[in-house]
Amino acid sequence: MFNAPQPRSRLYTTWQAYAKGLQAVMFGYKHDGVSIVKLEQTLESIAPEYHAVAVPMARVGIYLALKHLIRPGQKVILSPYTITDVVNMVLCAGGVPVFADIEEGGSYNINANKVEELLNSENDVGAVLVTHFYGLICNIEPIINACKQRGIPVIEDAAQAFGATLDGKPAGTLADVGIYSFGLLKTVTSFLGGAVLTKDRELADSIRKDLQQWPLTPRKSLLKKIFAGITLDTATMPFVFDAAVYWMFRYALLHDRKFFKNKLDTDSNPVSFATFPAKYATRMSSVQAEIIFPQFANYEADTKARIAKAKIYNDGLADLPGIVIPPLRMDGSHLYLYYSIQAEDRDALARFMTERLRDVQISHHRNCAGLPCFSEFYRDCPNAEKAAQRVIYLPLYPNYKESQVAANIEAIRAYYLGSD
Ligand SMILES: Cc1ncc(COP(=O)(O)O)c(C=O)c1O
């Protein structure tokens with residue numbers, strides 16, 4: 001109608017999922033636990049040597065795993081380029097975060113050499129927590145080898161990487177413990193949810209025991225997420241987006257109105273805490289597992305669709321000297337949750353693209369090693385700092401049209417090369 005672009009992102013939710021979730025919220029959970037067992041068995045079928053335990057959120061899985069794996073006061077080496085609650089879960093579990101910078105370039109993942117340096121220089125390291133950021137499996141082999149020699153467990157934060165594989169092995173099943181998120185913004189979603197995978201039966205049993213003491217995820221929490229999902233899905237429906245939403249966000253970006261940007265940010269007000277929040281102490285319900293089952297049929301095709309679009313971005317942007325692009329992986333080891341690029345002048349680039357009727361998102365991820373709330377654990381992490389200042393997400397969700405990808409590429413090329 002008004003020629004708005006396709007929106008920067010779309011959720012992977014379905015109307016059936018909303019209907020199921022709302023029905024449960026309105027008429028009460030019928031939690032017999034059977035569907036949770038089925039969900040855990042489905043995950044175990046993907047990774048036969050592993051035990052799977054459903055958790056209310058990935059961050060809770062990180063907390064529970066760490067709580068059982070480390071002693072209070074032990075150090076946990078982790079990437080600073082993550083959400084603040086991951087760091088908070090380390091603190092809640094009694095750990096001391098030690099940040100190892102990310103790699104230079106477009107991977108956004110922890111630098112294995114830095115991890116090894118820290119393993120050599122720090123005493124009493126209880127665990128290494130690696131993250132497969134934006135769905136790219138990190139350089140995990142040298143980290144596993146270095147940790148094995150020292151008897152230190154490696155935990156994979158695969159919250160953003162469910163479905164990525166390394167030589168056919170799923171992310172989350174490459175080390176001692178893997179954590180998935182089924183949160184609202186993920187490619188497989190139950191609005192809230194996650195899972196821990198581990199080969200260690202004792203650890204799985206201990207986590208189960210903790211969970212058994214907690215109530216089901218409150219209906220109110222689920223309802224809040226369902227409404228957030230409905231709001232986002234409605235706002236990004238083609239007609240609504242074209243008729244109003246795009247133009248509001250465009251105005252906000254071009255006129256530097258922070259209100260809209262803050263609305264989209266997670267972690268807009270980062271804080272640290274070392275007491276596990278009571279609101280996180282819940283269990284995933286059967287209905288949430290049931291919401292996930294139909295999505296298991298789609299995620300592989302969705303991943304292939306994103307990878308195909310990543311290739312188009314790669315081919316269109318690889319020769320530009322001004323930006324850093326992610327590595328091109330066609331083998332499934334990167335599922336491209338977003339196509340993240342780094343531009344030194346990202347605000348100017350985003351503005352230029354917006355003027356040309358594009359819709360892209362400035363990243364909200366931070367360098368936790370440099371945040372005032374974690375100043376006690378400060379480390380100089382220049383690559384994470386650079387990423388926090390420079391990343392823009394280019395859309396590539398499954399229904400995002402190739403013509404839109406081409407228009408984004410054209411706008412970026414015009415910005416750097418001055419051509420049309
Ligand atoms: C890298 C990473 N780790 C952990 C989490 C936490 O996931 P959840 O919201 O399921 O706790 C997220 C959520 O976005 C994430 O991006």
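It is not clear to me how the overall build of the protein should be interpreted in this structure. Could you clarify?
Looking only at helices and strands, one finds 15 helices and 15 strands in the protein. Relative to the globule expectation of 22 Å for 420 residues, the C-alpha radius of gyration of the protein, 21 Å, shows essentially globular dimensions. Its C-alpha atoms put the protein at 60 × 55 × 40 Å along the principal axes. For the protein, with 420 residues in total, the buried portion stands at 48%.

Got a minute to help me understand helix α8 (residues 219–235) in this structure?
Think of an α-helix as turning once every 3.6 residues; residues three or four places apart then point the same way. Along its 17 residues, α8 runs 24 Å from first to last C-alpha, staying within 8% of the 24 Å computed at 1.5 Å per residue. Against the buried residues of α8 lie α1 (15–27).

In this structure, what is going on with the sheet that holds strand β2 (residues 75–78)? I would like to understand it.
Strand pairing in a sheet relies on backbone hydrogen bonds, with the paired strands running either antiparallel or parallel. One open sheet holds the 7 strands; their spatial order is β1-β10-β9-β6-β5-β2-β4, and the pairing between them is mixed. Taken across any chain shown, the strands that pair with only one partner, and hence form the sheet edges, are β1 (51–55) and β4 (96–99). Going from strand to strand, the sheet's axes swing by 20° on average, the running direction of each strand aside. When β1 meets strand β10 (residues 194–198), the two strands line up antiparallel, connected through 5 bridges.

How do you make sense of the site of the ligand when you look at a structure like this?
Around the ligand, 13 residues are found, and the nearest of them are M57, A58, R59, A159 and S181. Class assignment for the residues of the shell around the ligand results in 5 nonpolar, 6 polar and 2 charged.

Honestly, the sheet that holds strand β12 (residues 339–343) in this entry has me stumped. Any pointers?
Pairing is antiparallel across the open sheet formed by 4 strands, whose spatial order is β11-β12-β15-β13. The sheet terminates laterally at β11 (323–324) and β13 (361–362), the two strands that pair on one side only. Its contacts with the sheet place helix α14 (residues 382–390) against β12 and β15 (391–394), and it is angled at close to 100° to β12.

In this structure, what is going on with helix α13 (residues 346–355)? I would like to understand it.
Those residues of α13 that fall on the buried side of the exposure criterion are L349, A350, M353 and T354. One side of α13 carries all its buried residues, which in axial view fall inside an arc of 135°. Against α9 (238–254), β12, β13, β15 and α15 (402–417) lie the buried residues of α13. Positioned one or two residues after α13, L357 has a phi angle of 60°, which is positive.

Here is what the cut-offs are and how they apply
- Residues numbered from 1 in each chain as written.
- Predicted model: local features only at pLDDT ≥ 70, side-chain atom pairs only at ≥ 80, totals over all residues.
- Helix = DSSP H or I, 4+ residues; strand = E, 2+ residues; numbered from the N terminus.
- Rg over C-alpha atoms; globule rule 2.2 N^0.38 Å.
- Buried ≥ 20, exposed ≤ 12 C-beta atoms within 10 Å, placed from the backbone.
- Expected span 1.5 Å × (residues − 1).
- Contact = placed C-beta atoms within 7 Å.
- Pairing = 2+ DSSP bridges.
- Axes fitted to C-alpha atoms, helices over the stretch in contact; angles between N-to-C directions.
- Near = placed C-beta within 6 Å.
- Nonpolar A, V, L, I, M, F, W, Y, C, P; charged D, E, K, R; others polar.
- Arc of directions from axis to C-beta.

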